[in-house]
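Per-entry structural report
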Amino acid sequence: MLSQLDALESEALSELASLGEVAALELFRVRWIGSNGRLRDAMNELKSVAKELKPAVGKRLNEVKAAIESAFEFKRVALSAAPAGPAIDVTEPGLPAGEGARHILTKTIDEIVSVLGRMGFAVADGPELEDEWHNFNALNIPDGHPARGHHDNFFLGGEVAGKLLLRTQTSTVQIRAMETMAPPLKICAIGRVYRPDTHDATHFSMFHQVEGLCVDRNVSMVDLKTTLVQFAHAFFGPEAEIRLRPSFFPFTEPSAELDMKMKIIKNGVAEWKWIELGGCGMVDPNVFKAVGIDPEVWTGFAFGLGIERVAMRKYGIGDIRLLFENDARFLRQFA
Ligand code: FA5
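All values reported here derive from a predicted model rather than from experimental measurement.

The omega torsion across proline 183 and proline 184 is 5 degrees, close enough to zero to call that bond cis. Looking along the chain, the bond that leaves glutamate 253 and enters proline 254 is cis, with omega of -5 degrees. Along the chain, the position of proline 254 falls in strand S8 (residues 252–266). Phi is positive for asparagine 140, which is not a glycine, with a value near 65 degrees.

A few words on the site of the ligand. Inspection of the region around the ligand gives 25 residues, with Gln169, Ser171, Arg195, Asp197 and Glu276 positioned closest. Here aspartate 197 contributes a side-chain N or O atom positioned 2.8 Å from a nitrogen atom of the ligand. Separating an oxygen atom of the ligand from a side-chain N or O atom of arginine 309 is a distance of 3.4 Å. The fraction of the free accessible surface of the ligand (680 Å²) that becomes covered by protein chains is 93%. Of all the elements in the fold, those that place two or more residues in the shell around the ligand are helix H7 (171–180), strand S6 (206–216), strand S9 (269–283) and strand S10 (299–306). Residue composition of the shell around the ligand, grouped by class: nine nonpolar, eleven polar and five charged.

This part is about the packing of aromatic side chains. For the coordinates displayed, the defined rule picks out nine aromatic pairs. Ring centres of phenylalanine 231 and phenylalanine 235 lie 5.5 Å apart, and the angle between their planes is 10 degrees; on these two criteria the pair is classed as stacked. Here phenylalanine 235 and phenylalanine 231 lie together in helix H8 (residues 221–236), a separation of four residues that amounts to about one turn. Given the relative accessible area of 6%, phenylalanine 231 is considered buried.

What counts as what
- Residues numbered from 1 in each chain as written.
- Predicted model: local features only at pLDDT ≥ 70, side-chain atom pairs only at ≥ 80, totals over all residues.
- Heavy atoms only, no water.
- Helix = DSSP H or I, 4+ residues; strand = E, 2+ residues; numbered from the N terminus.
- Near = heavy atom within 4 Å.
- Polar contact = N/O pair within 3.5 Å; in protein donor to acceptor, adjacent residues only side chain to side chain.
- Areas by Shrake-Rupley, 256 points an atom, 1.4 Å probe, with all protein chains shown as cover.
- Nonpolar A, V, L, I, M, F, W, Y, C, P; charged D, E, K, R; others polar.
- Phe/Tyr/Trp six-rings, centres within 6.5 Å; stacked < 30°, edge-to-face > 60°.
- Buried < 20%, exposed > 50% of the residue type's maximum accessible area, 1.4 Å probe, protein only.

Given below as structure tokens:
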């Protein structure tokens, strides 16, 4: 009986080892471990074994049963974990890598620089962190002027409080350019500016401006208006209409607001409206004096436009916040 049990064990284990799929496991279980299986037959035979041999045969039978059952469990786990086919299909084509594109604001900035470049404006630059001289005093905004208050500016805290601030306008670059270059000069400057404005559809606390400055002999309002009309036609198309509305800026005299006639679609109905894009004017003699340029010899014009507003008008974007949310679904429309 003991040798029969050895043979039974090795037959069961080698049959189990040869199984290659989960479906065959159930047949094996029924044939060997089930209530009418070969192990049950062997147990039934135990009754006919001589009394003195029963303990040894019974012990061996339990060992064989445990060996087959644990081998069966091991095989079941191994077969169910194995994938049906090869784990990786190396012939499968990969997912296409998403292509990047320039942000619509970057695209607008590049277009503006390109148009102004063709009109003879060289690109100038200045820091976003400014001192009060360049952001205020040199621009004819004296100490105590309401525009210098904490409600309208982001001043740096600490020991330098009141000395440095995030620039509120790119007009600071007018000063930096005139401090370093001798007239005649014709420059444009593009960059970020910061104001503690509440966010809404047309306002953000960080936005971009484009500044233009032309200093020469006998420059007049006619040159300013011609430049702005030419810019509008080149950038928006020949049908673009602009108008100058009298206004006030401390650093220009006379000053004007630049409006542009835009086709606005409201509730599916097209409507032509005047929209403010920026400010402009003739450089104030006090600004020339601040940078050491003789206002009796030199004259100049300057303008400053909000780039987000320009992009919104050109591309029909109804809310400035969309430009800063970086939602790829929105940005992809302009790629
Ligand atoms: C200025 O900043 C003047 N420096 C412009 C200027 C330059 C006048 C040179 C004369 C000579 P103003 O504060 O109006 O002006 O801002 C200019 C433009 O920036 C606005 O017309 C608008 O298009 C844009 N702008 C102003 N505030 C915001 C804001 N919070 N969010 C987005 N755009 C803004």
